[in-house]
Amino acid sequence: EKEGLRGCQSEGYNCIFSPKDGSFARWGTSYEDDPVMAPAPEILDLEISSGLCSGNCPFCYKGNGGAQVAKHMTLGQFKVLFHKMPHTLTQIAFGITDIDSNPDFFAMMKYARDHGVVPNYTTSGGGVTPEIAAMTAQICGAVSVSVYDKDTAYNAVKMFTDAGVGQVNLHFLLAEETYEAAFDVLRDRLKDPRLASLRAVVFLAYKPKGKKPQVYHTIKDVKKYQKLIQFCTLTKTGFGCDSCSAPMVLKAYEGSKIYDQVSPMIEPCESSLFSAYINAEGKFFPCSFTEGERGWETGIDVLGCKDFVDDVWNHPRVKAFRETLLGTTKGCEGCRSQRLCRSCPLFDMRGCS
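Bear in mind that the values here come from a model prediction, so they are computed numbers and not experimental data. The numbering scheme is per chain: residues are counted from 1 as the chain's sequence reads. pLDDT decides what is reported in this predicted model: residues at 70 or higher carry local features, side-chain atom pairs at 80 or more are listed and counted, and totals for whole chains, interfaces and linings draw on all residues regardless. Think of the side-chain values as coming from all heavy atoms in the structure, minus any hydrogens and water.

1. Observations regarding the pairing of strand S11 (residues 200-205)
- Buried, partly exposed and exposed residues are distinguished by accessible area as a fraction of the type maximum, computed with a 1.4 Å probe on protein chains only: under 20%, between the cut-offs, and over 50%, respectively. Strands here mean DSSP runs of E at least two residues long; helices mean DSSP runs of H or I at least four residues long; both are numbered from the N terminus. Burial runs high along S11: five of the six residues are buried.
- We treat two strands as partners when DSSP finds at least two bridges between them. Note: strand S10 (residues 167-174) against S11, six bridges, orientation parallel. Of the residues in S11, the one forming a bridge with asparagine 169 is alanine 200.
- By convention, a crossover is right-handed whenever its connection, traced from the first strand over the helix to the second and viewed with the strands pointing away, goes clockwise. In the classification by handedness, the crossover that spans S10, the intervening helix H5 (residues 179-191) and the parallel S11 is right-handed.
- Summarising the sheet, S11 and strand S12 (residues 239-241) pair through three bridges and their orientation is parallel. Residue pairing across strands places valine 202 opposite glycine 240, the latter belonging to S12.

The structure is reproduced here in C-alpha cells:
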C-alpha cells in the first residue's frame, strides 16, 4: 500500500483506491476489461443502529421508529467485523437512526479512516450541530442528507459545507407521490443559499418495503425519468440516482446523443458483486432491502465466521443470489443497455420493457 493507496491485484480483478481524494479504478485481465464482480466487497453498507428512531417515518423500509427496541453495534464488534474484511474494501457507508443514537459512531468512523477505509453516512439532518459537522469534515469523505423536512435538511447541508465536508449530497426518495416535489427540491438547489455548495441531488427509487409499503408507489414511467434528467441538464444541476434506478435511467438515456458517454457511468445493482450489507447484529445480507425477504429471513453471521470470503462472500446462498442477479437481463435481447444492466431480483422496479 504505497502512499496510503489501497487495492487488490490478481489475474482477473484489480483495483486501486486513494483514501485521500476518493479516486478509484477497477479493471480485469486488461485495462479495457470490466470485471463482473469483485473477490470481496469494495463497499460495505453497515448498519450500526436499528429500532427506535425519532423520525418514525411511515415509509421507512427498515421499519424503525415507534416502540421498537433499539439495537446498537459496539465499537468492539465493529473492530471484529472491520478486520474480517479483505483489502478490496474502500468505503463504509454507515447506517444510523438518529445521529446521536450510537455513542461509538464517530469512534467507528475514525477507526475506519485510520486504517485506510473512507467512512460516509446519510442523515435526515436532525440533531446535526456545527460541532458534529466539524467532526464529520475531519473524518468522512462524503455525507448525504435525506430530504424529509426541507429546513432541517437544508440547514444541515449548510453546516456540513461550511465545515468543509468535501462532498455533500441531498438524497430524495423518488416515488409517484413525491415526483412533483422532486422538482421543488431541484428549484431550491438553484435559489436557496444554504445549498450553494451542494454537490448533487441523488434520487433514490422507492421500493415497496416497510411498515406501510402502500404509502408510495414505484415510478415505472421512463418519460418521468427523462423529464427529471432534462431539467437537471438544462439547469446544470448535479444529480445522481441509486443503482436500483439504473434500468430506468439507462432507458431514459437510450435515444440520447450522449448515451455512449453517459451509460458506462450508470452503475446497476452491485449487491453481492461489489457491495455488501451487514446489520447491527453482525449479519450479512446482499443488500439492506433483502433483509427479511424470501430466502433471506435470516442473515449470515459475520462476527463468528472464520474467513469472510469463504464463509460469507462465497456462501451458497450468496452465490445463488448473485447468479439470479446476473441473469435478470435474460430475455432483454434487443435492448441497447442489456450488457450494462441488472435488475432487482426481489422488487419489480422496471417499466422499461
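2. Focus: unusual backbone geometry
- Positioned with a positive phi, lysine 236 is a non-glycine residue whose angle comes to about 55°.
- With respect to the secondary-structure elements, lysine 236 resides in the loop between helix H6 (222-234) and S12.
- A positive phi angle, near 70°, is found at serine 272, a position not held by glycine.

3. A look at the pattern of salt bridges
- The term salt bridge refers to a side-chain nitrogen of Lys or Arg lying within 4 Å of a carboxyl oxygen of Asp or Glu. Applying the stated rule across the entire model yields 14 salt bridges.
- Two residues, aspartate 151 and arginine 194, come together in a salt bridge whose shortest N-O distance is 3.2 Å. Remark: arginine 194 occurs in the loop between H5 and S11 and aspartate 151 occurs in helix H4 (residues 150-163); sequence separation between them is 43 residues.
- Each of Asp151, Asp192 and Arg194 takes part in a single network of salt bridges with overlapping partners.

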